[in-house]
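# Coordinate analysis (summary)
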Amino acid sequence: MDLGSASTSARSSALLIGSCAPFSGKSAVVLGLARQLLQRGVPVRVGKPLADSAESTPAAGPDGRLIDDDVRFVGQILGLADEQLVPSVLLQDPQSARQRLLEGNLQPGDGFAALRQQLQTYPDGVTVMEASGSLNDGRLYGLSLAQVAQGLQAPVLLVHAWEGSGSVEPLLAAKEQLGDLLAGVVLNGVPPEQVNALRSDVVPALERLGLPVLGVMPRSPLLRSVTVEELARRLDARTLCCAERHDLLVETLSIGAMNVNSAMEFFRRRRNMAVVTGADRTDIQLAALEASTQCLILTGAGDPLPQLISRAEELEVPLLKVEHDTLTTVEVIENAFGQVRLHESVKATYAFRLVEEHCDFEPLFTRLRLPVTA
């Protein structure tokens, strides 16, 4: 099937939110943008053409609809009805990828035609669709960002994790692929102290290169945070107490390897920590429990003293015991920050505010032919 066979003159009710690299902040922008549309009285649907997480929907729901987990979460937060969740065309997983590779099948099949037909029956609203993780993700399925955008003739908003001027190169590559379908860029993860400078000199430079910037969002420790449950899963940890507190969010990591006086001073300057320390360092462990610690992760041989577990239970701080050494444990945790899905309501609430305060979508709304608000 040729995705480019869609008429270029037809108005698309779809808007694609894409990125050049995974975990750039697409879900936060999807939430904030969809909420603004709803506040304007615009009917909204959300979807993801290529599902990549459907743990709660193994292959397809009981009604035959394949709904990505991220889409379900967004719908739940926004209070959308089931019919406002657009089914994915295909599910991306190792098994299907292998099968497609062996068959040489690079086409999305009839599901994409069905998606396009759905959009044509929704002319009065906007379907906000999150693309795959990177610019080229989904090409094996015929559903990369550029392929979907061209097939739907849908404008694209790119969310880009800003890492200095050199990081503009993927945006230039995206512009080459998307052409006039690129409707704007949101720069994300900018150090807060650099936001004003970026707006004053980098943003005008990007716009001269044909990259309209609709937002500059500062880096957020909260949005990069990870739950204790996710850390326990990645570390294959044994929970010694307070398993019911696995929903706590960890924003920073501290290593308890110094003397106790230095540790106490250091811990006081941190917030919402995961503290990694040896199972034999009871002094550090007790000091960490008195600070802003979301979980205490013990490495090495042996188990903690009963009084430590008792104190942790009093303060409702989960204790995790891992078999890894400290260095490996730290690497696993550091890799988790910023690499998890936005599936907590507190993060969603913060995303609403972040997008509202730092993005201006009026040029995008004009392109979508929505009425301009006063």
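Residues numbered from 1 in each chain as written. Predicted model: local features only at pLDDT ≥ 70, side-chain atom pairs only at ≥ 80, totals over all residues. Heavy atoms only, no water.

## Things to note about the sheet that holds strand β4 (residues 85-86)
- Across the sheet, 7 strands lie side by side as β4-β2-β6-β1-β7-β8-β9; this open sheet has parallel pairing. Each end of this open sheet is capped by a strand with a single partner; those strands are β4 and β9 (213-218).
- Alignment of strand β2 (residues 44-47) against strand β6 (residues 126-130), held across 4 bridges, turns out to be parallel. Within the sheet, the bridge partner assigned to R45 lies in β6 and is T127. (Pairing = 2+ DSSP bridges. Helix = DSSP H or I, 4+ residues; strand = E, 2+ residues; numbered from the N terminus.)

## A few points about the packing of aromatic side chains
- This model, assessed by the stated rule, comprises 1 aromatic pair.
- The lysine or arginine in question, R35, covers the ring of F352, its NZ or CZ lying 4.5 Å from the ring centre. (Phe/Tyr/Trp six-rings, centres within 6.5 Å; stacked < 30°, edge-to-face > 60°. Lys NZ or Arg CZ within 6 Å of the ring centre and 35° of its normal.)

## Brief notes about the pattern of salt bridges
- Under the defined criterion, the tally for this structure stands at 15 salt bridges.
- When the shortest N-O distance is used, the salt bridge between E230 and R233 registers 2.6 Å. Placement of both E230 and R233 in helix α8 (residues 228-235) is noted, with a separation of 3 residues, approximately one turn of the helix.
- Assessed through its relative accessible area of 18%, E230 is described here as buried.
- Using a relative accessible area of 56% as the deciding quantity, one classes R233 as exposed.
- A salt bridge links R238 to D303; its shortest N-O distance comes to 3.3 Å. Residue R238 is found in strand β11 (residues 238-241), and its partner D303 is found in the loop between β15 (293-299) and α11 (306-315); the two are separated by 65 residues along the sequence. (Salt bridge = Lys/Arg side-chain N within 4 Å of Asp/Glu carboxyl O. Buried < 20%, exposed > 50% of the residue type's maximum accessible area, 1.4 Å probe, protein only.)

## Some thoughts on helix α1 (residues 26-39)
- Under the 1.5 Å per step criterion, the end-to-end length of α1 is 20 Å for 14 residues, consistent within 8% with the ideal 20 Å.
- Of all 14 residues in α1, 11 are buried; the element is thus mostly enclosed.
- Taken together, the buried positions of α1 are K26, S27, A28, V29, V30, L31, G32, L33, A34, Q36 and L37.
- Of the residues one or two after α1, G41 is the one with positive phi, at around 85 degrees. (Expected span 1.5 Å × (residues − 1).)

## Some remarks on the pairing of β6
- Taking burial as the measure, the 5 residues of β6 include 5 buried ones, the bulk of the element.
- The side-chain alternation of β6 yields two buried faces, one formed by V126, V128 and E130 and the other by T127 and M129.
- Direction of pairing for strand β1 (residues 14-18) relative to β6: parallel, over a ladder of 4 bridges. Opposite I17, over in β6, you have E130 as the bridge partner.

## Some details on the sheet that holds β11
- Ordered by their spatial adjacency, 5 strands build an open sheet running β11-β16-β15-β14-β13, and the pairing between neighbours is mixed. On the outer flanks of this sheet lie β11 and β13 (252-256), each paired with one strand and no other. Between one strand axis and the next, the sheet turns through 25 degrees on average, direction left out of account.
- Pairing of β13 with strand β14 (residues 273-278) involves 5 bridges; the strand directions are parallel. Considered in β14, the bridge of S254 is made with V275.
- α8 contacts β14, β15 and β16 (319-321) of the sheet and is inclined by roughly 15 degrees relative to β15. (Axes fitted to C-alpha atoms, helices over the stretch in contact; angles between N-to-C directions. Contact = heavy atoms within 4.5 Å.)

## Details of the environment of L240
- As for its position among the elements, L240 is in strand β11.
- Judged by relative accessible area, which is 21%, L240 ranks as partly exposed.
- Separated by 101 residues in the primary sequence, L240 and R341 place their C-alpha atoms 26 Å from one another.

## Section: the nonpolar core
- In this structure, L158, L178 and L187 are the most contacted members of the largest nonpolar core, which totals 40 residues.
- Looking at this core, the elements with two or more residues in it are β1, α4 (110-120), α5 (145-152), β7 (156-161), α6 (169-178), β8 (182-190), α7 (195-208) and β9.
- Those residues in contact with L178 that sit more than four places away from it in its chain are L145, A146, A149, V156 and L158.
- L85, V159, V186 and L354 belong to the second-largest nonpolar core, a separate cluster that totals 39 residues. (Core = buried A, V, L, I, M, F, W, Y, C linked by side-chain atoms within 4.5 Å.)

## Structural notes on the confidence of the model for the protein
- On average, the protein scores 88 in pLDDT, and the residues at 70 or more come to 90%.
- Taking the mean pLDDT of every element in the protein, the minimum, 70, falls on helix α9 (residues 260-268) and the maximum, 97, on β9.
- Here residues 1-12 is a poorly scored stretch, pLDDT under 50, and it has 26 contacts once near neighbours within four places are set aside; other chains count.
- pLDDT under 50 marks residues 56-62. Its contacts with residues more than four places away, or in other chains, come to 10 contacts. (pLDDT = per-residue confidence, 0-100.)

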